[in-house]
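Next come the chains, spelled out residue by residue.
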Amino acid sequence: MTLRVRFAPSPTGYLHVGGARTALFNWLLARKEGGVFILRIEDTDRERSSEAHTQAILHGLDWLGITWDEGPYFQSEGLERHRADAFTLLERGWAYRDFSTPEQAAQDREEQVRVGSRLRRARERAEAMSADEVEARLARGEPFAVRLRVPEGETVWEDRVHGEMRFRNEEIDDLVILRSDGTPTYNLAVVSDDVAHGVTLVMRGDDHISNTPKQILIYRGLGKPVPEFAHVPMILGPDGKRLSKRHGATAVGDYEKEGILPEAMVNFLALLGWSPGDDREVFTRQELIEAFSLERVLKKSAVFDLEKLRWLNGQHLMRMATADLLPRVEARLREAGVLLGPGAPSPPAGDAATRVDLATLVELLKPRSRTLEDLVAQARPYFTDPVDYDRPSVEKHWLKDVSGARRRLEAAMGRLQGAPWEAAALEAELRALAEELGSGAGKLFQTLRVALTGRDASPGLFDVLVLLGRERSLRRLEAALAYLRAEAAGPESRKASLTPPDEAD
RNA sequence: GCCCCCAUCGUCUAUCGGUUAGGACACCACUCUUUCAAGGUGGAGAGGGGAGUUCGAUUCUCCCUGGGGGCACCA
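Calculation criteria
- Residues numbered from 1 in each chain as written.
- Chains lettered and ligands numbered in written order.
- Predicted model: local features only at pLDDT ≥ 70, side-chain atom pairs only at ≥ 80, totals over all residues.
- Heavy atoms only, no water.
- Near = heavy atom within 4 Å.
- Polar contact = N/O pair within 3.5 Å; in protein donor to acceptor, adjacent residues only side chain to side chain.
- Helix = DSSP H or I, 4+ residues; strand = E, 2+ residues; numbered from the N terminus.
- Salt bridge = Lys/Arg side-chain N within 4 Å of Asp/Glu carboxyl O.
- Buried < 20%, exposed > 50% of the residue type's maximum accessible area, 1.4 Å probe, protein only.
- Pairing = 2+ DSSP bridges.
- 1 Å grid on protein atoms, 1.4 Å probe; cavity = no way out; pocket = protein on both sides within 12 Å on 5 of 7 lines; lining within 4 Å.
- Points joined across faces, edges and corners; volume = space filled by probe spheres on them.
- Nonpolar A, V, L, I, M, F, W, Y, C, P; charged D, E, K, R; others polar.
- Axes fitted to C-alpha atoms, helices over the stretch in contact; angles between N-to-C directions.
- Domains from an automatic or database assignment.

Would you explain the protein's contact with RNA strand B in this entry?
Taken together, 63 residues surround RNA strand B, and among them Arg 179, Lys 241, Gly 273, Lys 300 and Arg 449 come closest. Backbone atoms, meaning sugar and phosphate, make up 75% of the atoms of RNA strand B lying within 4 Å of the protein. Tyr 186 is positioned with one of its backbone polar atoms (N or O) 3.0 Å from a phosphate oxygen of RNA strand B. Here a sugar or linking oxygen of RNA strand B sits 2.6 Å away from a polar atom, N or O, in the side chain of Ser 210. Among the elements that line the surface near RNA strand B, the one with the most residues is helix 12 (residues 306-319), at five residues.

Teacher, can you tell me more about the pattern of salt bridges here?
Between side chains of opposite charge, a pair can form when the charged atoms approach closely. If you walk through the whole model with that rule in mind, you get 44 salt bridges. The salt bridge involving Arg 114 is made with Glu 110; its shortest N-O contact spans 3.4 Å. Here Arg 114 pairs with Glu 110, and both are found in helix 4 (residues 102-115), just four residues apart, close to one helical turn. Taking the relative accessible area as the measure of exposure, Glu 110 reaches 44% and is therefore partly exposed. Connected via shared salt-bridge partners are Arg 6, Arg 40, Glu 42, Arg 81, Asp 193 and Asp 194.

Quick question: what am I supposed to make of the pairing of strand 6 (residues 154-159) here?
Of the two faces of strand 6, only one is covered, namely that formed by Thr 155, Trp 157 and Asp 159; the face formed by Glu 154, Val 156 and Glu 158 stays uncovered. Relative to strand 7 (residues 163-168), strand 6 runs antiparallel, the two sharing six bridges. Across the sheet, the residue bridging to Thr 155 is Phe 167, located in strand 7. As consecutive antiparallel partners, strand 6 and strand 7 are separated by three residues.

How should I be thinking about the layout of surface pockets in this particular structure?
If a probe the size of a water molecule is rolled over the atoms, the empty space left behind becomes visible. A volume near 1100 Å³ is recorded for the largest pocket. Lining the largest pocket are 41 residues, with Ala 8, Pro 9, Ser 10, Asp 207 and His 208 positioned closest to its centre. Only strand 1 (4-7), helix 1 (17-33) and strand 9 (201-205) provide two or more residues apiece to the lining of the largest pocket. If you tally residues by element for the lining of the largest pocket, the top one is helix 1, at four residues. Along the lines of polarity and charge, the residues of the lining of the largest pocket split into 15 nonpolar, 15 polar and eleven charged.

What's the story with the pairing of strand 10 (residues 228-232) in this structure? I'm lost.
Both faces of the sheet carry side chains from a regular strand, because those side chains alternate between them. Burial analysis of strand 10 places four of its five residues in the buried class, the great majority of the element. Bridging between strand 9 and strand 10 involves five bridges; their strand directions are parallel. Residue pairing in the sheet places Leu 201 in a bridge with Glu 228 of strand 10.

Looking at this structure, how should I read empty space enclosed by the protein?
Summed over the entire model, instances satisfying the criterion amount to one cavity of 30 Å³ or more. For the largest cavity, the calculated volume is near 50 Å³. The wall of the largest cavity is formed by Leu 365, Gln 378, Pro 381, Tyr 382, Thr 453, Arg 455, Ala 457, Ser 458 and Pro 459. Grouping the amino acids of the lining of the largest cavity by side-chain chemistry returns five nonpolar, three polar and one charged.

Is there a simple way to explain the sheet that holds strand 3 (residues 70-74) in this structure?
Strand pairing within a sheet occurs via backbone hydrogen bonds; the two strands may be parallel or antiparallel. Across the sheet, which stays open at both edges, the three strands sit in the order 1-2-3 with parallel pairing between neighbours. Of all the strands in the sheet, just strand 1 and strand 3 have a single pairing partner and so form its edges. Geometrically, the sheet is characterised by an average inter-axis angle of 25° between neighbouring strands, direction not taken into account. One ladder, built from three bridges, connects strand 2 (residues 36-41) with strand 3; its direction is parallel. The residue of strand 3 that forms the bridge with Ile 38 is Glu 70.

Looking at this model, I keep getting lost on the domain arrangement of chain A. Mind explaining?
Interfaces are often described in size by the accessible area the parts lose on coming together. The domains assigned to chain A are domain 1 (4-75 + 187-236), domain 2 (81-178), domain 3 (245-319), domain 4 (322-382) and domain 5 (391-503). One C-alpha centre belongs to domain 2, the other to domain 5, and the line joining them spans 81 Å.

Here's what the structure looks like:
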């Protein structure tokens, strides 16, 4: 029998990382075993469900590359079947009609809490009711809910993650399966749908463990084969509590926005609650499919570690082919207003001679970035004119020795004017110059780096020069010089005015 | 309150009775180096507690503790 698994989110929010991880495990197993991965949207809660959320979930899965083979089915489309299943249960004696008023139901609940053990008051009332009275109430059109008649005994299953699970039926309530308005409740709808979709393995978060015996009972009542179950651990926040909004970003879309690669997200999520058994950490989707197995899924819940996700993203980023990265970076640069429309000059008002080669830039930046946003931020100075100077960098490398910085800049300009614009040659020129100035290569390079990029951290200086091109590089050095001239005049005069006259001796 | 699940470095994890308890993130040194990354080397860092079983327990059993989840005519 071929494996049939499903992911069944309810569209009451965006795709949550916990949900995404559950979806991923199902998908990985289906792909590994040649099974079928079904997507079902559980939209029976009309109040909280929305089309926008459904779209967000579909988009999230799509972004992650989790493709489904069947669906999306919508739970709301199965209403009639759910209802029919409830009546089948009724006919078979596995369920009963509950004519209790809301007041009675509330009282029952209150009593149950007080007594501290399972009571079956609704069932007692139903059984005390004569067939004639039931007929009469039905004839009068009185509303009733349908409750499952939980039998005596124990409900046991062999969980693919937890092993044997055993619940005493006396611990299970006679749950409502069909509300008095005729709509099904979750446990009935799930079972009905999983039967209809031929699901053979239900893999979901372990917060569903206590629903499982109820659902198994429904399968039995319906006379349908009970699927296998695998309850995977949940994902927790850094405080050990269930991951939620207050922990920050919990929607998959938040990470997409931040510039996490879907490849890295999938990799990271797979490693939460599962491990390959060896020391590998960085996986492609295909490698995950090959390595995945239910046997190696952990029972312990895992804490979501943003730092590790970022690290993993950096790993994926630097391994990714620049050609694959390029469109993503370009889109973000455009969004940031740094690149204009397709085919438009970059930078604004640039010409062929001063255009920065994005592919080369991405190549240089990808091993130094953790996220796409980060990469884009680092790319920015290469496109903006004039450059924004990073204040601490300016202070450290220019202002501590203004005249020295000016001397180095001027000398460099002279040297570079006629130099062949090629990395090795530029390096030879500038190293020779540093030698002449006798101030150390590092000092010269940092002074230039700030002039060229506005900051003191960047790819190798000669790569930067080549990337910017002669014209643009010289223009930036010139601008730096102008800045320093102004700076030299400004602070000096300010300093002078601050000196009290009478302190001078 | 009742039921259920879980328990190795701060975090993700390896170990399927015998290991100096291994790796990764983060952290700290050092190294490479024109800076920042990346890389390399090293460091610090863990079996919650108590009983058993066993020649031997992180590993098996039980209890306690701690954490989590569930107890709706929500999903």
